[in-house]
Amino acid sequence: ALLQRELPPLVERRRALIAEARKAGGRDPRPVAQIFVLPFAERAAGEERGRSLILLLAQLHDDVSLSLGRIMELVGDTAIGDATRMLRARLKGVPPAVLTERLVLANSMFLHAAATRARGGKRDRRLDDEAFSRNLVDMFLGCVAVPAAKAPARKPRPKAKRATRS
């Protein structure tokens, strides 16, 4: 029930951010990073039902017995595919397999941070909600946009010496 009630506004916000990023065009990955991060960061700082959604999504993401594909089946369309395609187009210097791995890690990172924010509690908040959201976008970009390190050159293996007959 929580997903059915609270997920549509999150997806609607993501689709609005997709439209803004398309309209802006260019190669800047920041508008695309906002598509991934802002809908979650905003709900983490919002009303209780939105915070509960973030906590549920974080629990699903943290459950390693569920594949990412299975989580997507449970949650439904979140417009993540459109956002991923846009990001890939703007980060052509990052190899596809590396970017895929970075996206998994970045999503885990910002979802965990948003869930921690949503829980509230006694932790000090050093940033207001807007600065928290901007910082999460920066962190996401830092995770996905840095150029990929070159793999070290492999040293050729020495050829096995054949035994010589005397």
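In this text the structure is predicted, and so the values were computed from the model without any measurement.

(A) Quick peek at the packing of helix H1 (residues 2-24) against helix H3 (residues 48-62). Contact pair H1 / H3: the axes reach a minimum separation of 10 Å and the direction vectors enclose 100°. Taken together, the axis directions place H1 and H3 in an arrangement best described as roughly perpendicular. Across the interface between the two elements, Leu2, Leu3, Arg5, Glu6, Leu7 and Leu10 of H1 pack against Arg49, Gly50, Ser52, Leu53, Ile54, Leu56 and Leu57 of H3. Residues belonging to the contact of H1 with H3 are distributed by class as follows: eight nonpolar, two polar and three charged.

(B) Spotlight on the pattern of salt bridges. Across all of its chains, the model carries ten salt bridges by this definition. In this structure, Arg85 engages Asp82 in a salt bridge whose closest nitrogen and oxygen atoms are separated by 2.6 Å. Note that Arg85 and Asp82 are positioned in helix H5 (residues 80-90) at a spacing of three residues, about one turn of the helix. By relative accessible area, Arg85 is classed as exposed at 55%. A relative accessible area of 21% means that Asp82 is categorised as partly exposed. Residue Glu130 pairs with Arg134 through a salt bridge whose shortest N-O separation is 3.1 Å. Linking Glu130 with Arg134, this pair stays in helix H7 (residues 129-145), spanning four residues, or about one helical turn. Among the residues examined, Arg134 registers a relative accessible area of 46% and is labelled partly exposed.

Here is what the cut-offs are and how they apply
All residue numbers here refer to positions counted from 1 along the written sequence of the relevant chain. Since the coordinates come from a predicted model, pLDDT governs what is reported: local features require at least 70, and pairs of side-chain atoms require 80 or more to be given and counted, while whole-chain, interface and lining totals use all residues. Side-chain descriptors were evaluated using all non-hydrogen atoms of the structure, hydrogens and water having been removed beforehand. Axes here mean lines fitted to C-alpha atoms, for a helix over just the part in contact, with angles spanning 0 to 180 degrees between N-to-C directions. Here a helix means four or more residues in a row that DSSP labels H or I, a strand means two or more in a row labelled E, and each is numbered from the N terminus. Note on angle classes: values under 35 degrees are labelled roughly parallel, values over 145 roughly antiparallel, values of 65 to 115 roughly perpendicular, and the remainder oblique. Residue contacts are counted whenever heavy atoms from the two residues lie within 4.5 Å of one another. Amino acid classes used here: Ala, Val, Leu, Ile, Met, Phe, Trp, Tyr, Cys and Pro are nonpolar; Asp, Glu, Lys and Arg are charged; the rest, including Gly, are polar. Note on definitions: salt bridges are taken to be side-chain nitrogens of Lys or Arg within 4 Å of carboxyl oxygens of Asp or Glu. Throughout this description, buried means an accessible area under 20% of the type-specific maximum (1.4 Å probe, protein chains only), exposed means over 50%, and partly exposed covers the range between.

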